[in-house]
Amino acid sequence: MNKTVIKVENLGKCYKLGLTHDDLFANKIVNGVKRIFGKAQSKENEDFWALKDVSFEVKQGDVVGIIGRNGAGKSTLLKILSRITKPTTGNIQIKGRVASLLEVGTGFHPELTGRENVFLNGAILGMKKAEIKKKFDEIVVFAEVEKFIDTPVKRYSSGMYVRLAFAVAAHLEPEILIVDEVLAVGDIQFQKKCLGKMKNIAGEGRTVLFVSHNMDAIQNLCNTALVLFDGQSFELESPIDAIKKHLTSNEEKKPVKYISRPNDTPIYFSKILLLNLASILTTEFIIFEKWKLKAIINVEKEIKNICVGLSISQNNILIQVVWSKPHLYKEGQYSIIFTNDNTDLLPGNFDITVSLRIGVKHRLHHVDNAISFKIVKPNKLKLQTIPEYGFLLNDFNIKIKKMNNEE
């Protein structure tokens, strides 16, 4: 049984949008000018979560494709796994020597020659000089830079740079090889050679993580794949299923909704997630498939008699409203999960609105159309009694849990 070589648990990476500490002097100047026109620049920085609650495990010898739209968090994930960037939250366990090829310009010293950089990178990987010498000729031939090996790499073209960088990363025998979309810089023949080399590496029992927008390469090279969606991860699955999930995702329907904090309430929604019963994020369900909505609620001070509401609408027509029983919420963070137990919605597009109230009258936080989803009917399903549109009422089970496991 293959051992786990990478274990990622609840990984998150948060960046500050706006002015940093280094921008304070510039901020004073800008605000001085803006005050003349009656508007100063805000001192507050906005949090941006490039990754949030990402968890997965990689086995030795796996070739893992990582796919997602631009801005989904793929490169951020690889930088964290390569120890270039520190995570904000979560834990990572990596067993084995890691070699990374993330972007043109990283990994090599521009003033050093190709030869010197090969030996420098080998030393960083913990290899002895004799080991690097043994691989040196193979690296140079693979990279096709024989004539330029004693030239400073700052004079290399981007293609030459990438060829040598990949050859170094692949030939110095790392246990784990991490490769970003940077291979797209090379020509077609070199890309094919790289893919073949990565297959060989996996065949030797080593592990490869590969980010690409080339779905054919993902399908042909990888034995498993991870889809990132707005910094959130789905579970590892077959490349075909992952590609299908990636291609069918769209900007209008997202399984996760982050919610800005309102200013005037001690209790508020921070995130809404739509999942199937296997806890996989999705916005599309087959008719009669059970699903659940998970709401994350932040509480700044103790407040009682709080009811959480979920309403479903179709074409702006309200179909159903469900309320939890009044509950005492202490300071902290809670999850509340609505699971539909018995009947289901019929095929169509639907919107979910969530609400927090004292009783069911005094509104504290209300998010219209927080998340959308679709119910579909498989072609093979032959039930004459199912109309083409409409709805059946859902019977929901509601669970409230304090996220530090206290009730």
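Because the structure is predicted, anything quoted here is derived from the model rather than measured.

Calculation rules
- Residues numbered from 1 in each chain as written.
- Predicted model: local features only at pLDDT ≥ 70, side-chain atom pairs only at ≥ 80, totals over all residues.
- Heavy atoms only, no water.
- Pairing = 2+ DSSP bridges.
- Helix = DSSP H or I, 4+ residues; strand = E, 2+ residues; numbered from the N terminus.
- Axes fitted to C-alpha atoms, helices over the stretch in contact; angles between N-to-C directions.
- Core = buried A, V, L, I, M, F, W, Y, C linked by side-chain atoms within 4.5 Å.
- Buried < 20%, exposed > 50% of the residue type's maximum accessible area, 1.4 Å probe, protein only.
- Salt bridge = Lys/Arg side-chain N within 4 Å of Asp/Glu carboxyl O.

Colleague: Hey, could you run me through the sheet that holds strand 17 (residues 332-340) in this one?
Modeller: In sheet architecture, strand pairing relies on hydrogen bonds along the backbone and comes in two forms, parallel and antiparallel. Judged by pairing direction, the sheet is antiparallel, and its five strands sit side by side in the order 10-11-13-17-20 without closing on themselves. Every other strand in the sheet has two partners, leaving strand 10 (256-258) and strand 20 (396-402) as the edge strands with one partner each. Between one strand axis and the next, the sheet turns through 15° on average, direction left out of account. Here strand 10 runs beside strand 11 (residues 267-276); their pairing, made up of three bridges, is antiparallel. Along strand 11, the bridge assignment pairs K257 with I272.

Colleague: Help me out: how do you make sense of the nonpolar core in this one?
Modeller: Grouped together as the largest cluster of nonpolar side chains are 54 residues, with contacts concentrated most on L164, F166, L177, M198 and F210. Top element by residues in this core is helix 5 (residues 158-171). It accounts for nine residues. Within the second largest apolar cluster, 36 residues are counted, among which are I287, I303, L364 and F396.

Colleague: It is not clear to me how the pattern of salt bridges should be interpreted in this structure. Could you clarify?
Modeller: Pairing of side chains with opposite charge becomes possible as their charged atoms draw close. Per the stated rule, a full pass over the model turns up six salt bridges. For K154, the salt bridge identified is with E111, shortest N-O distance 3.0 Å. Here K154 is found in the loop between helix 4 (129-143) and helix 5, whereas its partner E111 is found in the loop between strand 5 (98-101) and helix 3 (114-124), with 43 residues between them in sequence. Judged by relative accessible area, which is 45%, K154 ranks as partly exposed. Where D150 meets R115, a salt bridge forms, and the shortest distance between an N and an O atom there is 2.7 Å. With D150 in the loop between helix 4 and helix 5 and R115 in helix 3, this pair connects stretches of sequence that are 35 residues apart. For R115, a relative accessible area of 33% translates into the label partly exposed.

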